[in-house]
Amino acid sequence: MLKQRLITALVLLALLLPALFASSPDPFAALTLILIAAGAWEWGRMNGCARLASWGTGALALLICTLFWQTNWIEQTSAFVWLFVGSAWVLIGAWMLLRGVAAWSRWPFFLRWSLGLMALCFAWLALAQARWTGPNFLLSILVLVWAADVFAYFAGRALGGRWSHSKLAASISPGKTWEGVWGGMAGVLLVSLCWIQADQYFEFSDPSFHTRLWRQGWWFWLAALVFMTCMSVVGDLVESLIKRSAGVKDSSGLLPGHGGVLDRVDALLPTLPLAMMIMTWSS
């Protein structure tokens, strides 16, 4: 299993890193579009779609994202679009977690299916627009989410249950603890401060997400990063809730050793649009 995980990670890095730092944002947008279409295929399967309908879900995601691309939404998206998408994630995500696993299956099929499809498409749009803004800007958002996950894992393993006697969401993901959340937040703040210093030292042409937040004031920086960390946890928990409702461990086996595409991007689905919302409305 470890060997599979390593090989899959190396293959993905070999494909995505050159595209991320290419002179044009198009290669990265094209590669990630394929991944999002694969995630949409997984989404169809997890919601009980037949084989043809699942392939159709992937094809529809490809079509919608291509329309975003061809209409230049990658370069300029209305601030109200990001406000709507971000607000929807906060409200619907909170509602889903409060209602629990059983409530999700009672939603009408078309509503469940269309919400997931739109979440994937707008996450890709945010990803592509962030890359259009600059590699440093996009990478700083991605690393923020990865840092939240890594620091939460180690803090949960070391301190889980010592300070808080209640689980974060026992019926959805029993392994997650409040100590993990606090550890994730602390890790994100530490990484962010280091990134701000790196921006100043290397004088990157495209300021990172962290530097842009800091320029609005330390209080804005702190509030935004705490919010982003919380929403990365929401994205993770929402996907876990949906998998429990569907009775599956992984969204698919497309990424050997890692599960499926949705298993890898779950925390990015809310955080990417929210990062663009914050940037759009604070600039």
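Preceding this paragraph is the structure being described.
We now turn to the structure provided with this report.

The rules behind these values
- Residues numbered from 1 in each chain as written.
- Predicted model: local features only at pLDDT ≥ 70, side-chain atom pairs only at ≥ 80, totals over all residues.
- Heavy atoms only, no water.
- Helix = DSSP H or I, 4+ residues; strand = E, 2+ residues; numbered from the N terminus.
- Buried < 20%, exposed > 50% of the residue type's maximum accessible area, 1.4 Å probe, protein only.
- Contact = heavy atoms within 4.5 Å.
- Lys, Arg positive; Asp, Glu negative; His and termini not counted.
- Charge placed at Lys NZ, Arg CZ, Asp CG, Glu CD.
- 1 Å grid on protein atoms, 1.4 Å probe; cavity = no way out; pocket = protein on both sides within 12 Å on 5 of 7 lines; lining within 4 Å.
- Points joined across faces, edges and corners; volume = space filled by probe spheres on them.
- Nonpolar A, V, L, I, M, F, W, Y, C, P; charged D, E, K, R; others polar.
- Core = buried A, V, L, I, M, F, W, Y, C linked by side-chain atoms within 4.5 Å.
- Phe/Tyr/Trp six-rings, centres within 6.5 Å; stacked < 30°, edge-to-face > 60°.
- Salt bridge = Lys/Arg side-chain N within 4 Å of Asp/Glu carboxyl O.
- Axes fitted to C-alpha atoms, helices over the stretch in contact; angles between N-to-C directions.
- Parallel < 35°, antiparallel > 145°, perpendicular 65-115°, else oblique.
- Left-handed = near helix turned anticlockwise from the far one by under 90°.

Here we come to the overall build of the chain. From N to C terminus, the chain includes 12 helices and 0 strands. When the helices and strands of the chain are read in sequence order from the N terminus, they spell out α-α-α-α-α-α-α-α-α-α-α-α. Expressed along its principal axes, the backbone C-alpha trace of the chain runs to roughly 50 × 50 × 40 Å. Across the 283 residues in the chain, those meeting the buried criterion constitute 49%. When contacts within the chain are restricted to residue pairs at least 6 apart in sequence, long-range pairs at least 24 apart make up 74% of them. Charge centroids of the chain, computed over 18 positive and 13 negative side chains, lie 11 Å from each other.

Below, the discussion takes up the layout of surface pockets. Size it by volume and the second largest pocket reaches roughly 480 Å³. Every element with two or more residues in the lining of the second largest pocket is listed here: α4 (79-99), α6 (109-133) and α10 (218-246). Among the elements that make up the lining of the second largest pocket, the one with the highest residue count is α4 (7 residues). The residue makeup of the lining of the second largest pocket, split by class, is 17 nonpolar, 3 polar and 2 charged.

Its identity as a non-glycine residue notwithstanding, Asn72 has a phi of 65 degrees, on the positive side. Relative to the assigned elements, Asn72 resides in the loop between α3 (51-70) and α4. Judged by its relative accessible area of 45%, Asn72 falls in the partly exposed class.

Another point: the nonpolar core. Formed by 75 residues in total, the largest nonpolar core has its most connected members in Trp124, Leu138, Phe209, Leu213, Ile242 and Leu272. Per-element tally for this core: the top contributor is α6, with 13 residues. Apart from the residues lying within four places of it in its own chain, the contact partners of Leu138 are Leu20, Phe28, Leu127, Ala130, Arg131 and Leu272.

Bringing the packing of aromatic side chains into the picture now. Applying the stated rule across the entire model yields 16 aromatic pairs. Taken together, a centroid distance of 5.3 Å and an interplanar angle of 85 degrees make the contact between Phe80 and Trp281 edge-to-face. Taken together, the residues span a long stretch of sequence, with Phe80 in helix α4 and Trp281 in helix α12 (residues 268-282) at a distance of 201 residues. One aromatic cluster in this structure is built from Trp43, Trp95, Trp104 and Trp107.

For Asp266, the location among the structural elements is in the loop between α11 (261-265) and α12. Buried charge without a partner: Asp266 forms no salt bridge, and the closest opposite charge is Lys243, 5.9 Å away. In this structure, Asp266 is in contact with Gly235, Asp236 and Glu239, ignoring residues within four places of it in sequence.

A word on the packing of α6 against helix α7 (residues 135-159). At a closest axis distance of 5 Å, the pairing of α6 and α7 adopts a crossing angle of 135 degrees. In terms of axis orientation, α6 runs oblique to α7. Here Leu127, Ala130, Arg131 and Thr133 of α6 lie close against α7, whose contacting residues are Pro135, Phe137, Leu138, Ile141 and Leu142. Partitioned by chemical class, the residues of the contact of α6 with α7 number 7 nonpolar, 1 polar and 1 charged.

Turning our attention to the packing of helix α2 (residues 26-46) against α3. It is the contact of α2 with α3, at a shortest axis distance of 7 Å, that shows an interaxial angle of 145 degrees. α3 is crossed by α2, and the crossing has right-handed handedness. Across the interface between the two elements, Asp26, Ala29, Ala30, Leu33, Ile36, Ala37, Ala40, Trp41, Gly44 and Arg45 from α2 touch Ser54, Trp55, Thr57, Gly58, Ala61, Leu62, Cys65, Thr66 and Trp69 from α3. For the contact of α2 with α3, the residue count by class is 12 nonpolar, 5 polar and 2 charged.

Everything listed is a geometric property; what it means functionally is a separate question.
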